[in-house]
Amino acid sequence: MQAMFHRPDLPTADLAWLNSSEKGFASLGEAFATPTEPTPLPAAHWVGCNDALRGALGLPTDLWEQQEALELFSGNRLTANQPIYASVYSGHQFGQWAGQLGDGRALNLGAIHTPEGLQEFQLKGAGPTPYSRRGDGRAVLRSSIREFLASEAMHGLGIPTTRALCVTGSPAHVRREEIETAAVVTRVAPSFVRFGHFEHFASNGQIEELRALADHVVTAHFPELQEKQGADRYVALLHEVTQLTAALMAQWQAVGFCHGVMNTDNMSVIGLTLDYGPFQYLDGFDANHICNHSDHQGRYAYARQPQIAYWNLFCLGQALMPLIEEQAPALAALESYKQSFPEAMDQRMRDKLGLTGAHEGDRALAEALLQALQKDHVDYTVFWRRLSVAVRESAQSAQAFEPVRDLFMHREVFDAWCIRYLDRLGPANRQSTGDAMLRTNPKYILRNHLGELAIRQAKTGNFAMVQDLWQVLHAPFDEHPTYEAWAGLAPEWASSIEISCSS
Ligand code: AMP
Ligand code: MG
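Criteria and thresholds
- Throughout, residues of each chain are indexed from 1 in the direction in which the sequence is written.
- Here chains are named by letter from A upward and ligands by number from 1 upward, in the order in which they appear as written.
- Local features in a predicted model are, by the rule used here, given only for residues with pLDDT of at least 70; side-chain atom pairs are given and counted only at 80 or more, and totals for whole chains, interfaces and linings are based on all residues.
- Note that water and hydrogens are dropped before the side-chain values are worked out from all heavy atoms of the structure.
- Between the rings of Phe, Tyr and Trp (Trp by its six-membered ring), a pair exists once the centres lie within 6.5 Å; its type follows the angle of the planes, with under 30 degrees stacked, over 60 edge-to-face, and the other angles tilted.
- Only runs of H or I of at least four residues qualify as helices and only runs of E of at least two qualify as strands under DSSP, and these elements are numbered from the N terminus.
- Burial here depends on accessible area, computed with a 1.4 Å probe over protein chains only, as a share of the maximum for the residue type. Under 20% is buried, over 50% is exposed, and the range in between is partly exposed.
- A positively charged side chain is recorded as over a ring if its NZ (Lys) or CZ (Arg) lies within 6 Å of the ring centre. The angle to the ring normal must also be within 35 degrees.
- At least two DSSP bridges between two strands are needed for those strands to be called paired.
- Definition used in this section: a nonpolar core is a set of buried Ala, Val, Leu, Ile, Met, Phe, Trp, Tyr and Cys residues joined via side-chain atoms within 4.5 Å.
- Any two residues having at least one pair of non-hydrogen atoms within 4.5 Å are treated as being in contact.
- For this analysis, a salt bridge means a side-chain nitrogen from Lys or Arg found within 4 Å of a carboxyl oxygen belonging to Asp or Glu.
- Here, proximity means that at least one heavy atom of the residue falls within 4 Å of the molecule or strand.
- Pairing of N or O atoms within 3.5 Å defines a polar contact, subject to two protein rules: one partner must be a possible hydrogen donor and the other a possible acceptor, and residues neighboring in sequence count only if both atoms are side-chain atoms.
- Method for areas: the Shrake-Rupley scheme with a 1.4 Å probe, in which residue coverage is limited to the protein chains shown.
- Throughout, the ten residues Ala, Val, Leu, Ile, Met, Phe, Trp, Tyr, Cys and Pro are labelled nonpolar, Asp, Glu, Lys and Arg are labelled charged, and all others, Gly among them, are labelled polar.
- Domain extents, as shown, originate in an automatic or database domain assignment.
- Only nitrogen, oxygen and sulfur atoms qualify as donors, and only when within 2.8 Å of the metal (3.2 Å in the case of Na, K and Ca); with water excluded, sites may look incomplete.
- Lines fitted to the C-alpha atoms define the axes, with helices restricted to the stretch that makes contact. Angles between their N-to-C directions range from 0 to 180 degrees.
- Any angle that falls under 35 degrees is termed roughly parallel, while one over 145 is termed roughly antiparallel, one within 65 to 115 roughly perpendicular, and all others oblique.
- As used here, buried area is the combined drop in accessible area, with a 1.4 Å probe, of two parts when they are placed together.

Draft legend 1. Representation of the packing of aromatic side chains. With the rule as written, the count across this model stands at 27 aromatic pairs. Taken together, a centroid distance of 5.8 Å and an interplanar angle of 85 degrees make the contact between Phe 285 and Tyr 302 edge-to-face. Placement of Phe 285 in the loop between strand 12 (280-281) and helix 7 (305-324) and of Tyr 302 in the loop between strand 12 and helix 7 is noted, with a sequence separation of 17 residues between them. Summarising the burial analysis for this pair, Phe 285 and Tyr 302 share the class buried. When the ring centre of Phe 279 is taken as origin, the NZ or CZ atom of Arg 146, which lies over that ring, is 4.1 Å away. We note Arg 456 situated over the ring of Trp 493; from NZ or CZ to the ring centre the distance is 4.9 Å.

The structure is reproduced here in C-alpha cells:
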C-alpha cells in the first residue's frame, strides 16, 4: 500500500518561499498526516493565476514564470523540508454516518509563514491517496475552474472562504460522465480542519488524538481560549465554532449562495466556505432551490442551509463530548446558534436594505420582500443592485424605483412592500444610504452560465475568460463597464445547466 504513494523518482522543488520550518497541522503527527506523494501529470500548463493572493501571501512576483512552481502546483515536484501528506477524517453525508473518508484527492504541501499569517497549502486533484477509496484522486478542468472563480468571488464578497492560488491543467484524461481533462487547484487557508476530523477520532475512540486535535485548533486559531483548562476549553471551542458558523450562514443566505453538499466533512472548523462542488449563486430567487442535481430530497436546498449547519454543529458537539463530558454546557454552546444566526441574518438584511438601527418590524419587512421575490422568481442580485441605485437616485427623482418595479410581474405586491420600506427608511440621506447599499449588494456574482462560458472557452485552450471573470469577481461591488453584460439576467439556457456531484 505504502509503495503506491511513494514515488522516489519525483524531483524536489527548489523554491525559497516553500522552505518553511513551520509545521502547522502536520505537527500533530502521523495519526493525522499520512505522507503521500503526488502522481505527476504530463504537459502541465497554467489555467488561472490569482495574482492578488500571490501578492498578499508575499510570494515572488515572477511566480507564474517559474517552471518549478508550475510543476509543484501540478503535483510534479516534492517539497524539500516537509513531507506532502493526506489527512484522515470521517463524517455524516446527507444525514447518514458515512464512516471514514479523508483527503481522497487533496494533498497538503504544509504550512508556510506569510504576511497573512501561517497558511496551509493544498493541492486538489494531484492523484490518489490512502483515502481515495474508489476515486481516482483527480479533479477535472471544469470543476477546478469553478472552484477557482467561486472562492475568489466569495473572498471579493467579504465572505470567509478557502482561497485558490492557481489552477494548472494537463491533457491527461479523467473519466467522469464523459472523458474530461485533469486539473489541479492549489488551495490556501489558515486551516483545512473539518468537523469530520473531530468525528473521526471520536468515533474510533481515539480520545488522546481528539484532545490533541482540539488543542491544536485552539492554539492555532482560537489562542484566546488557551487559558481555559479542561472541559471549559472545549466547550468554549464549540461555542466559537458555533458563532463562526452562524455568521457564515447569514452571509451565504444574504448573498444567495447555495453550497450544495453541506456534509459534516465539508464544514470548516474555522468558519470558512470549504469544498466547492455543485454550489450555485441564485439567479431568480427561490428559497427551495436545490443546486445539487444528486440531492433528490432537497436536504441542502437554499433555505435549509442554516438549519443544516445547526444539525452539523450537533455532530461536532457529539464528537467533542468525550472531552466535555457534561451535556448541559455543550448544549448551551450549541444553542447559542438559535440566537446568533437570526441576529446575524437580521443585521445582514438591514445592511442590504440600507436600514440603520434595529426596529421591531425589520424582520417582517425583510420576510415580506423575500416572499415577493419568491412569487415572481425575481433575480436576486439584480433586485438588490437596482434597489441600491433606486435609493440613491430617489434623492433627485420621483421615478427612481421604476427599474426595480419592472422586475416584478405582481407590481402591486412590490408597490405595497415599497411603501412600507420607504416609510422605514424615513428621512435618511438617500444618497449616502444608496452608496452604502452599493457596497453591500454586489453587482457581479458567479452565475452558473458565466462559469459555463469560461469553462467552454477553457476547454479549447483559451483561458482569457477565466482570467477576466476572476478580475471582475475579485471586485464584485465595483463597476466594470467592459463587462456590463456579466451583471445582467441569466439567459434562458442557464436553467438547463445541471450541476452534479461529479468533479
Ligand atoms: P466531496 O463530496 O467532494 O466532499 O467528497 C467526499 C469524499 O470523497 C471526500 O473524502 C473526498 O476526498 C472524496 N473524493 C471525492 N472525489 C474524489 C476523487 N475523484 N478521488 C478520490 N477521492 C474523492
Ligand atoms: Mg469534501
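Draft legend 2. Representation of the pairing of strand 9 (residues 163-175). Of all 13 residues in strand 9, 10 are buried; the element is thus mostly enclosed. The pairing of strand 9 with strand 10 (residues 179-189) spans 9 bridges and is classified as antiparallel. Paired with Ala 164 across the two strands is Arg 187, which belongs to strand 10. Adjacent in sequence and paired antiparallel, strand 9 and strand 10 are bridged by 3 residues.

Draft legend 3. Representation of the nonpolar core within the structure. In this structure, Phe 198, Phe 383 and Tyr 421 are the most contacted members of the largest nonpolar core, which totals 161 residues. Residue contributions to this core peak at 13 residues, all from helix 6 (residues 230-255). Here Tyr 421 is in contact with Leu 353, Leu 355, Leu 365, Leu 387, Val 391, Phe 401 and Met 437, once residues within four sequence places are set aside.

Draft legend 4. Representation of the pattern of salt bridges within the structure. Enumeration over the complete set of coordinates arrives at 22 salt bridges. The salt bridge partner of Asp 283 is Arg 447, with a shortest N-O separation of 2.8 Å. Residue Asp 283 is found in the loop between strand 12 and helix 7, and its partner Arg 447 is found in the loop between helix 14 (430-438) and helix 15 (448-459); the two are separated by 164 residues along the sequence. For the salt bridge of Arg 350 with Asp 362, the shortest nitrogen-to-oxygen distance reads 2.9 Å.

Draft legend 5. Layout of the site of ligand 1. Within the structure, ligand 1 sits among 17 residues, and Gly 102, Gly 104, Asp 136, Gly 137 and Asn 266 are positioned closest to it. Note that an oxygen atom of ligand 1 is positioned 3.2 Å from one of the side-chain N or O atoms of Arg 133. Taking Arg 176, its side chain carries an N or O atom lying 3.4 Å from a nitrogen atom of ligand 1. Burial of ligand 1 by the surrounding chains reaches 79%, relative to a free accessible area of 490 Å². Classifying every residue of the shell around ligand 1 gives 2 nonpolar, 7 polar and 8 charged. Three or more residues apiece are contributed to the shell around ligand 1 by two domains, here domain 1 (12-192) and domain 2 (196-347).

Draft legend 6. The coordination of the magnesium ion (ligand 2), seen in detail. Donor atoms from the polypeptide that coordinate the magnesium ion (ligand 2) comprise Asn 266 (OD1) and Asp 275 (OD), at 2.0 to 2.1 Å from the metal. The same class applies to Asn 266 and to Asp 275, which are both buried.

Draft legend 7. Broad picture of the packing of helix 9 (residues 337-353) against helix 11 (residues 380-393). Contact geometry for helix 9 and helix 11: axes closest at 9 Å, N-to-C directions at 55 degrees. Considering the angle they form, helix 9 stands oblique to helix 11. Taking contact as the criterion, the partners of Met 349, Lys 352 and Leu 353 in helix 9 are, on helix 11, Tyr 380, Trp 384 and Leu 387. Residues belonging to the contact of helix 9 with helix 11 are distributed by class as follows: 5 nonpolar, no polar and 1 charged.

Draft legend 8. Region of interest: the pairing of strand 7 (residues 117-124). Extensive coverage of strand 7 is indicated by the burial of 6 of its 8 residues. Bridge count for strand 7 against strand 10 is 5 bridges, and the pairing is antiparallel. Within strand 10, the residue paired with Phe 121 across the bridge is Val 188.

Draft legend 9. Focus on the side chain of Thr 129. Checked against the element boundaries, Thr 129 lands in the loop between strand 7 and strand 8 (139-140). Assessed through its relative accessible area of 3%, Thr 129 is described here as buried.

Draft legend 10. Region of the structure containing the domain arrangement of the chain. When its domains are assigned, the chain resolves into domain 1 (12-192), domain 2 (196-347) and domain 3 (355-438). Here the C-alpha centre of domain 3 lies 32 Å away from the C-alpha centre of domain 2. Listed per partner, the contact involves 14 residues of domain 2 and 9 residues of domain 3. When domain 2 packs against domain 3, close to 860 Å² is buried across both sides, 46% of that on carbon and sulfur atoms.

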